[in-house]
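Geometric and topological summary
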Amino acid sequence: MEKGFSLIELFKLGGPFMWVLLAFSVATIAIVIERCIYLAWHNCKVAPVRDKVLGYLQQGKKAEAEEYLASFNHKQTVASILLALLQNSKYGESRMERAAEAEAQERLRRMENGFNYLTALSSLAPLTGFLGTVSGMIGAFQSIAQATDVNAQLVAGGIYEALITTVFGLIIAIVALIAYNLLIQKIDRFAAEATKAINDLVPELIDMEKAEPDSQIAVEAGYDKKTYTA
């Protein structure tokens, strides 16, 4: 390849399939940026929120814990999961765990939105590049067949122009795969930490719900005794 070729010149040499690859590259970058912004806006840090809620529960301040979680207004993804857990604690262990799991699945689905497009682009981009290469090779060999004087420069020139689409297709696929794996790793780590947070809070909520009826019985018994004495 001659030195001094700019990106625009390579784009023109690649042929019409470069326009498809350009669309794929723009889509890949747009999805990656949008997902990064989404994950940054919806804070995925679990430990600080879990510790704060655990502190409230250990002090018997369940209402304050719910107010704290509701104050995030869905900006803290784990907050909505733990809020579902607390709000359903009065219905028993099984019910509150199912509610938290359902909320967690919905949050994970939103976090992974667009990932299927990344995986599709990582497959389509190199295939489109190969298709462009095959199309270019057909044109190159056609030129060779029609040429009266075939030389190495003519053959090599047609081949390297045809391979440009493959290079760009592979670059797009590599970027898409790297971004996908980095993002999915972050989400998997969040899912594991959220599961641990749920498991840490469930025993506290069970003990609290067990203690509340006993307290209520004691209050009612004291009230009845006073009434009877009077």
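Whatever comes next refers back to the structure up there.
Here's what I pulled together on the structure shown here. (Residues numbered from 1 in each chain as written. Predicted model: local features only at pLDDT ≥ 70, side-chain atom pairs only at ≥ 80, totals over all residues. Heavy atoms only, no water.)

1. Focus on the layout of surface pockets
The calculated volume of the largest pocket comes to roughly 230 Å³. Taken together, Leu7, Phe11, Met18, Leu21, Leu22, Ser25, Thr28, Ile29, Phe168, Ile171, Ile172 and Val175 form the lining of the largest pocket. Within the residue set of the lining of the largest pocket, elements represented by two or more residues are helix H1 (7-14), helix H2 (17-41) and helix H8 (152-229). Class assignment for the residues of the lining of the largest pocket results in ten nonpolar, two polar and no charged. Its boundaries defined by the atoms lining it, the second largest pocket holds a volume of some 180 Å³. Around the second largest pocket sit Ile81, Glu97, Glu101, Ala104, Gln105, Leu108, Phe190, Ala191, Ala194, Thr195, Ile198 and Asn199, which together line it. Listing elements by their share of the lining of the second largest pocket, those giving two or more residues are helix H6 (93-111) and H8. In terms of residue count, the dominant contributor to the lining of the second largest pocket is H8 (six residues). Partitioning the lining of the second largest pocket into residue classes produces seven nonpolar, three polar and two charged. (1 Å grid on protein atoms, 1.4 Å probe; cavity = no way out; pocket = protein on both sides within 12 Å on 5 of 7 lines; lining within 4 Å. Points joined across faces, edges and corners; volume = space filled by probe spheres on them. Helix = DSSP H or I, 4+ residues; strand = E, 2+ residues; numbered from the N terminus. Nonpolar A, V, L, I, M, F, W, Y, C, P; charged D, E, K, R; others polar.)

2. Focus on the nonpolar core
Counting 48 residues, the largest nonpolar core has Val53, Leu57, Leu69, Leu82, Leu85, Leu86 and Phe190 as the members making the most contacts within it. Going through the elements one at a time, H1, H2, helix H3 (47-58), helix H4 (62-70), helix H5 (77-87), H6, helix H7 (115-146) and H8 are the ones with two or more residues in this core. Broken down by element, the residue count for this core peaks at 15 residues, all from H8. Apart from residues lying up to four places away in sequence, Leu86 is in contact with Val53, Leu57, Lys62, Ala65, Glu66, Leu69 and Leu205. (Core = buried A, V, L, I, M, F, W, Y, C linked by side-chain atoms within 4.5 Å. Buried < 20%, exposed > 50% of the residue type's maximum accessible area, 1.4 Å probe, protein only. Contact = heavy atoms within 4.5 Å.)

3. Let's talk about the side chain of Ser89
Position of Ser89 among the secondary structure elements: in the loop between H5 and H6. Look at Ser89 and you get buried, because its relative accessible area is 3%. Among the polar contacts listed, one links the side chain of Ser89 to the side chain of Lys62, at a separation of 2.5 Å. For Ser89, the contacting residues outside a window of four places in its chain are Lys62, Met96, Leu205 and Glu209. (Polar contact = N/O pair within 3.5 Å; in protein donor to acceptor, adjacent residues only side chain to side chain.)

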